[in-house]
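These are the residues of each chain, in order.
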Amino acid sequence: MTPAGQPIRWTAGPLSFALHSDDPAVRNLATAVFRPWVSHDGQVPSRTWMIDHASGHETKPGWRIRSSAGTDAEMPSPARAVTVVEYEAVAAIAQSHAAIVHGALVVRDGRGILLAGRGEAGKSTLACALWSRGATLLGDDMAIWTSPPARRVLRRDACPCGDQAGRFWAMPSLTGS
């Protein structure tokens, strides 16, 4: 986990993000959610968020989310607050000249394979079947298409296939809380 006082950082496609919070529950959740996204600590974040306890709630706790983009919100739980940050990061990626594709992404023999299709079409099932036969599963929900071609894959646990994966970056599955 990222040490207390240090922002949780992640990169997706051409953008870099940072989340600040002193709340242990928020930090634990955010570390788990953003762990698959490669972090470049030296890169200046494109967008930052701060999640802290909202004051004035005697009957129910609240978590306030402040964004460098000026979109502030309040959520009833740390999980909901982290989900808001995750969706705002995806929205920022969508606005950055990158296309977000609903699909699974695997690498086999140094070549990227995008399995795109409508919901419940079997993309994740096929991706897992390929994974069980030696392919590297990069993501099972979304991929980002960038131009020029990406120079690295997004997942830390993926093989280092570099440009051979083409212009796609895998994104971890979005949480549903």
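No experiment lies behind these values; they were computed from the predicted model shown.

**Here's the deal with the nonpolar core**
By size, the foremost hydrophobic cluster in this structure holds 25 residues, and its most contacted members are Trp 10, Phe 17, Leu 19 and Ile 51. Going through the elements one at a time, strand 1 (8–12), strand 2 (15–20), helix 1 (24–34), strand 3 (47–53), strand 4 (63–67) and helix 2 (78–94) are the ones with two or more residues in this core. Take this core: its biggest share by element is seven residues, from helix 2. Within the second largest apolar cluster, five residues are counted, among which are Ala 104, Val 106, Leu 115 and Ala 127.

**Quick notes on the pattern of salt bridges**
The tally for this structure, following the rule as stated, stands at three salt bridges. Notably, a salt bridge pairs Arg 64 with Asp 52, separated by 3.3 Å at the nearest N-O pair. Of this pair, Arg 64 sits in strand 4 while Asp 52 sits in strand 3; the two residues are 12 residues apart in sequence, bridging distant segments of the chain. Classification of Arg 64 as partly exposed rests on a relative accessible area of 28%. Residue class for Asp 52 comes out buried when judged on its relative accessible area of 17%. It is possible to trace a salt-bridge network through shared partners that takes in Asp 52, Arg 64 and Arg 66.

**Digging into the packing of helix 1 against helix 2**
One can describe the packing of helix 1 onto helix 2 by two numbers: an axis separation of 9 Å at closest approach and a directional angle of 40°. The orientation of helix 1 with respect to helix 2, classified from their angle, is oblique. Classified by chirality, the crossing of helix 2 by helix 1 is right-handed. On helix 2, the residues that touch Ala 25, Val 26, Leu 29, Ala 30, Val 33 and Phe 34 of helix 1 are Pro 78, Ala 79, Val 82, Val 85 and Glu 86. Among the residues making up the contact of helix 1 with helix 2, the classes are represented as 10 nonpolar, no polar and one charged.

**Side note on the pairing of strand 7 (residues 111–116)**
As judged from the six bridges shared by strand 6 (residues 99–108) and strand 7, these two strands associate in the antiparallel manner. Note that in strand 7 the partner of Gly 103 across the bridge is Ala 116. From the end of strand 6 to the start of strand 7, which pair antiparallel, there are two residues, and Asp 109 there has a positive phi angle of about 55°.

**What about the sheet that holds strand 3?**
The five strands are arranged 1-2-3-4-5 in an open sheet whose pairing can be described as mixed. Sheet topology places strand 1 and strand 5 (73–75) at the edges, where each strand pairs with a single neighbour. Each strand of the sheet is rotated relative to its neighbour by a mean of 20°, with strand direction disregarded. Lying over the sheet, helix 1 contacts strand 1, strand 2, strand 3 and strand 4, oriented at roughly 25° with respect to strand 1. This element, helix 2, spans strand 1, strand 2, strand 3, strand 4 and strand 5 of the sheet and lies at about 170° to strand 3.

Rules used in this analysis
Note on numbering: residues in each chain are counted from 1, in written sequence order. In keeping with the predicted nature of the model, local features appear solely for residues at pLDDT of at least 70, side-chain atom pairs appear and are counted solely at 80 or more, and the whole-chain, interface and lining totals rest on all residues. With hydrogens and water excluded, all non-hydrogen atoms of the structure serve as input to the side-chain values. Working definition of a nonpolar core: buried Ala, Val, Leu, Ile, Met, Phe, Trp, Tyr and Cys residues. They are joined through side-chain atoms within 4.5 Å. Only protein chains enter the accessibility calculation, which uses a 1.4 Å probe; a residue whose area is less than 20% of its type maximum is buried, one above 50% is exposed, and one in between is partly exposed. The numbering of helices and of strands both runs from the N terminus, where a helix is a DSSP run of H or I of at least 4 residues and a strand a run of E of at least 2. By definition here, a salt bridge exists when the distance from a side-chain nitrogen of Lys or Arg to a carboxyl oxygen of Asp or Glu is within 4 Å. Only the stretch in contact is used when fitting a helix axis, every axis being a line fitted to C-alpha atoms; angles between N-to-C directions are given from 0 to 180 degrees. Roughly parallel refers to an angle under 35 degrees, roughly antiparallel to one over 145, roughly perpendicular to one between 65 and 115, and oblique to any angle outside these ranges. Crossing handedness: left-handed means the near helix sits turned counterclockwise from the far one by under a right angle, and right-handed means the same turn made clockwise. Any two residues having at least one pair of non-hydrogen atoms within 4.5 Å are treated as being in contact. Throughout, the ten residues Ala, Val, Leu, Ile, Met, Phe, Trp, Tyr, Cys and Pro are labelled nonpolar, Asp, Glu, Lys and Arg are labelled charged, and all others, Gly among them, are labelled polar. Criterion used throughout: strands pair if DSSP finds at least two bridges between them.

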